[in-house]
Amino acid sequence: MIVGNKETPVRFSFVQVWEPKAVDDGDPKYSVQVVIPKDNKALIAAVEANIEKAKQLGITKGLYNKATTDNAAFRTPLRDGDQEAAEKDDGSRDYLKGCMFFNASSSADRQPAIVDRRGAPIMRRDDFYSGCYGIADINFYPFKYGKGGVAAGLNSIMKREDGERLDGRLSTDQAFGQFVDEDDAPEQGSGQLV
C-alpha cells in the first residue's frame, strides 16, 4: 500500500532507516513512524481497510481466530496521536496531536530504499530525518506472536518535502548557513589554522 501522495504527504518521525536498531532486546530493525493528519480521512480509511485485510488473512491462515481479533490484547498498528500525546504529557509528542500514526519496520537484512522526489537515492543521512514529509510503501501483515496481531512492513520511502525537525537538531544549512562563503572558488588560505 502506498501511504501518502504528492498533494498530501505523510510525516515521518523516529527515523531509523540508515542502520538497524534493536528495541527492548528484540532483533535489530529498520523503522519509521508514519504520521497521518486526522483530516485525511480517505487515507486513514484506506489504512484501516488494509489492516482489516491483513487481519482476515491471519484468520484464513489459522494464525488466530475471530474471537482472538476481538480481544483487547490483539495488536493493530494504527494508533491515536492525541492519546499518545496525552499519555506522555511532556510536550515530546505534541506533533502527534490531531493525527493518527503507526510504526513500520523491516528486518536488518532488508534496508528500505529512500529516494527524493525525483526518484534518486538519498545518500546523506541529514537529508532524511524525523520531521520531513513524504510517501511510504507499506505492507500490512498478520503475525501470531503473543495474542497475535497485524504489523506494518516498511518497503521504501520517498521524501517529498522538508519539515521542522523533531529530533532537536539543526540542519547543516541552519547551523552553518551564515558562515558559508558566497563564492564558488575554494578559499586560498595561508595553510594556517585559526
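Values in this document were obtained by computation on a predicted structure and should not be read as measured data.

Asks: I'd love a proper account of the overall build of the chain, names of residues and values included.
Replies: Looking only at helices and strands, one finds four helices and eight strands in the chain. Each helix and strand of the chain, ordered N terminal to C terminal, gives the series β-β-β-α-α-β-α-β-β-β-β-α. Considering only C-alpha atoms, the chain reaches an extent of 75 × 35 × 35 Å along its principal axes. Put simply, the chain has 194 residues, and 38% of those count as buried. Here the contacts in the chain between residues at least 6 apart in sequence split such that 68% fall between residues at least 24 apart. In the chain, 26 side chains carry a positive charge and 31 a negative one; their mean positions are 9 Å apart.

Asks: Got a sec to walk through the nonpolar core? Specific residues and values, please.
Replies: Core analysis: the biggest nonpolar cluster contains 32 residues, and F12, V17, I36, F102, F128, I138 and F140 have the highest contact counts within it. Of all elements in the fold, only β2 (10-21), β3 (29-37), α1 (41-60), β5 (99-107), β7 (133-143) and β8 (149-161) reach the threshold of two or more residues within this core. With five residues, the next largest nonpolar core counts V35, Y95, L96 and F101 among its residues.

Asks: A description of the pattern of salt bridges should follow, citing residues and the corresponding values.
Replies: What the rule picks out here adds up to twelve salt bridges. With its nearest N and O atoms 3.2 Å apart, the salt bridge here joins E19 to R125. Note that E19 is positioned in strand β2 and R125 in the loop between β6 (113-115) and β7, a separation of 106 residues in sequence. Notably, a salt bridge pairs D162 with K159, separated by 2.6 Å at the nearest N-O pair. Taking relative accessible area as the criterion, D162 reaches 52% and is therefore assigned exposed. Overlapping salt bridges bring together R124, D126, D127 and R165 as one network.

Asks: Can you lay out the environment of A108 for me, pointing to particular residues and giving the numbers?
Replies: Structurally, A108 can be placed in the loop between β5 and β6. In this structure the C-alpha to C-alpha distance between A108 and S31, which are 77 residues apart in sequence, comes to 9.8 Å. When sequence neighbours within four positions are dropped, the list of residues in contact with A108 reads P20, P28, K29 and Y30.

Asks: An account of α1 is needed here, citing residue identities and associated values.
Replies: End to end, α1 covers 28 Å across 20 residues, agreeing with the expected 28 Å (1.5 Å per residue, within 8%). Of the residues making up α1, those classed as buried are L43, I44, V47, I51, A54, K55 and G58. Buried residues along α1 cover an arc of 120° about the axis, so they all sit on one side. The exposed residues of α1 that point more than 90 degrees off its buried face are K41, A42, K53 and T60.

Asks: I'd like to hear about helix α3 (residues 81-88), residue by residue, with values.
Replies: Quick reminder: α-helices carry 3.6 residues per turn. Residues three or four places apart thus point the same way. Along α3, the residues classified as buried are G81, E84 and A85. For α3, the angular spread of the buried residues around the axis is 95°, confining them to a single face. Of the exposed residues in α3, the ones pointing more than 90 degrees away from its buried face are Q83, A86 and E87. Where α3 is buried, its residues contact β4 (79-80) and β5. For α3, the side-chain oxygen to backbone nitrogen distance between the N-cap and D82 is 2.7 Å, and the N-cap itself is D80. Backbone geometry just after α3 places D89 at a positive phi near 50°.

Rules of the game
Residues numbered from 1 in each chain as written. Predicted model: local features only at pLDDT ≥ 70, side-chain atom pairs only at ≥ 80, totals over all residues. Heavy atoms only, no water. Helix = DSSP H or I, 4+ residues; strand = E, 2+ residues; numbered from the N terminus. Buried < 20%, exposed > 50% of the residue type's maximum accessible area, 1.4 Å probe, protein only. Contact = heavy atoms within 4.5 Å. Lys, Arg positive; Asp, Glu negative; His and termini not counted. Charge placed at Lys NZ, Arg CZ, Asp CG, Glu CD. Core = buried A, V, L, I, M, F, W, Y, C linked by side-chain atoms within 4.5 Å. Salt bridge = Lys/Arg side-chain N within 4 Å of Asp/Glu carboxyl O. Expected span 1.5 Å × (residues − 1). Arc of directions from axis to C-beta. Polar contact = N/O pair within 3.5 Å; in protein donor to acceptor, adjacent residues only side chain to side chain.

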